[in-house]
Amino acid sequence: MEEGNQDLIAAAKRFLENYYRTFDANRADLANLYRDESVMIFDGRKLQGKEAILAELTSLQQCRHQLHTVHCQPTVVGSGDLLATITGYMWPDGKQDARPFSQMFILIPTPEGSFYASHGTFQYFGFELCGTTTA
Amino acid sequence: MEEGNQDLKIEAAKRFLENYYRTFGANWADLASLYREESVMIFEGRTLQGKEAILAELTSLQQCRHQILDIACYPARPGSADLVATVSGNIWLDGKQDARLFGQMFLLVPTPEGSFYVSRSTFVYLVSELRGSFMA
């Protein structure tokens, strides 16, 4: 059971790394991650369902992500659901400056060996980082 | 040499945050000293400006317990001294049995005394409604 868990976690990490590559390359391909029950909270705004979420994602212009950490762990001991937490930098809308972001997903395994997100949040810090004292 | 320094600062920031959650609810005066007038917190989409407003919000949370599941810490911009920390975990409020998953981001600015203050912070619940007990 423990090994099965490790395999699932490794699969989820690969899935997520692919998610961000796909995000940067062709956002419409992300459709399978979301379902009608999916709820995403983008920077405080709640979006319900695959259509609303995809509409939001495809409205963004050129984006680039650089991942810092990708961690996955079971939400409940014994269930297949995973809590994924991802951190890194993003360059949104073709901008030059990087913004730190943090994302969480609850990933549910599918019978085909993939995952979908039942819940997720996305938070980032803007350009106006206060008190920056670059070394 | 520079990287070693950076690693030490990141470790210090993680300890700072572990202490933050321990202090939370236990000693509000100590927590207040970690914020300043310029501090901004976005709590579930609502913007709170300044130390007073932030503490008013935090002290309104009754019987609060945090369980940290994940902490990640890295420079706010490549090479900067300011650090971004992202925390995910479970939070129990009002003495309830069921936890909610939360995500929090901090912008930590180093102080001359070797500590940090919280310049910006955001807090969001991962799931709107209580889903039942998660890992204890």
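Provided above is the structure to which this section pertains.
Here the structure is a predicted model, which means the values were calculated and not measured.

Draft legend 1. Just the interface of chain B and chain A, in detail. In this complex, chain B contributes 40 residues to the contact, which on the side of chain A involves 38 residues. Carbon and sulfur atoms supply 63% of the area that chain B and chain A bury against each other, a total of about 3300 Å² over both sides. When residues of chain B are sorted by the area they lose upon contact with chain A, Tyr74(B), Arg77(B) and Leu126(B) head the list and together hold 21% of the total. Scanning the region where chain B abuts chain A turns up zero salt bridges. For the pair chain B and chain A, the number of links is nine residue pairs in polar contact (both at pLDDT 80 or more). The leading source of residues in the side of chain B that touches chain A is strand 5 (residues 100-110) of chain B, at eight residues. Of the residues in the side of chain B that touches chain A, the class split is 22 nonpolar, 12 polar and six charged.

Draft legend 2. Seen up close, the packing of aromatic side chains. Per the stated rule, a full pass over the model turns up 20 aromatic pairs over all chains. Between Tyr89(A) and Tyr74(B), the ring centres sit 5.3 Å apart and the planes meet at 80°, which makes this aromatic pair edge-to-face. Placement of Tyr89(A) in strand 4 (residues 82-91) and of Tyr74(B) in strand 3 (residues 65-75) is noted, with the two residues assigned to different chains. The exposure class of Tyr89(A) is buried, given its relative accessible area of 8%. Assessed through its relative accessible area of 1%, Tyr74(B) is described here as buried.

Draft legend 3. Representation of the pairing of strand 5 of chain B. Residue and element names in this part refer to chain B. Across the 11 residues of strand 5, 10 count as buried, placing the element largely inside the fold. In terms of strand pairing, strand 4 (residues 83-92) meets strand 5 through nine bridges, oriented antiparallel. Looking at strand 5, one finds that leucine 83 is bridged to leucine 108. Sheet topology note: the strand 5/strand 6 (residues 116-125) ladder contains nine bridges and is antiparallel. Across the sheet, phenylalanine 106 pairs through a bridge with serine 121, a residue of strand 6. Following strand 5, the chain reverses through five residues before pairing antiparallel with strand 6; glycine 114 in that reversal takes a positive phi of roughly 90°.

Draft legend 4. Seen up close, helix 2 (residues 50-59) of chain A. Burial in helix 2 of chain A covers these residues: Ile53(A), Leu54(A), Glu56(A) and Leu57(A). Along the axis of helix 2 of chain A, the buried positions cluster into a sector of 155°, meaning they face one direction only.

Draft legend 5. Broad picture of the sheet that holds strand 4 of chain B. Residue and element names in this part refer to chain B. Reading across from one edge, 2-1-6-5-4-3 is the order of the six strands in this open sheet, with mixed pairing throughout. Whereas interior strands pair on both sides, the edge strands pair on one side only; in this sheet they are strand 2 (46-49) and strand 3. Between one strand and the next, the sheet's axes are offset by a mean angle of 15°, whatever the strand orientation. Alignment of strand 3 against strand 4, held across 10 bridges, turns out to be antiparallel. The partner of tyrosine 74 across the bridge, within strand 4, is valine 84. Against the sheet, helix 3 (residues 51-59) engages strand 1 (35-43) and strand 2, with an angle of about 45° to strand 1.

Cut-offs used in this document
Residues numbered from 1 in each chain as written. Chains lettered and ligands numbered in written order. Predicted model: local features only at pLDDT ≥ 70, side-chain atom pairs only at ≥ 80, totals over all residues. Heavy atoms only, no water. Contact = heavy atoms within 4.5 Å. Buried area = accessible area lost by both parts, 1.4 Å probe. Salt bridge = Lys/Arg side-chain N within 4 Å of Asp/Glu carboxyl O. Polar contact = N/O pair within 3.5 Å; in protein donor to acceptor, adjacent residues only side chain to side chain. Helix = DSSP H or I, 4+ residues; strand = E, 2+ residues; numbered from the N terminus. Nonpolar A, V, L, I, M, F, W, Y, C, P; charged D, E, K, R; others polar. Phe/Tyr/Trp six-rings, centres within 6.5 Å; stacked < 30°, edge-to-face > 60°. Buried < 20%, exposed > 50% of the residue type's maximum accessible area, 1.4 Å probe, protein only. Pairing = 2+ DSSP bridges. Arc of directions from axis to C-beta. Axes fitted to C-alpha atoms, helices over the stretch in contact; angles between N-to-C directions.

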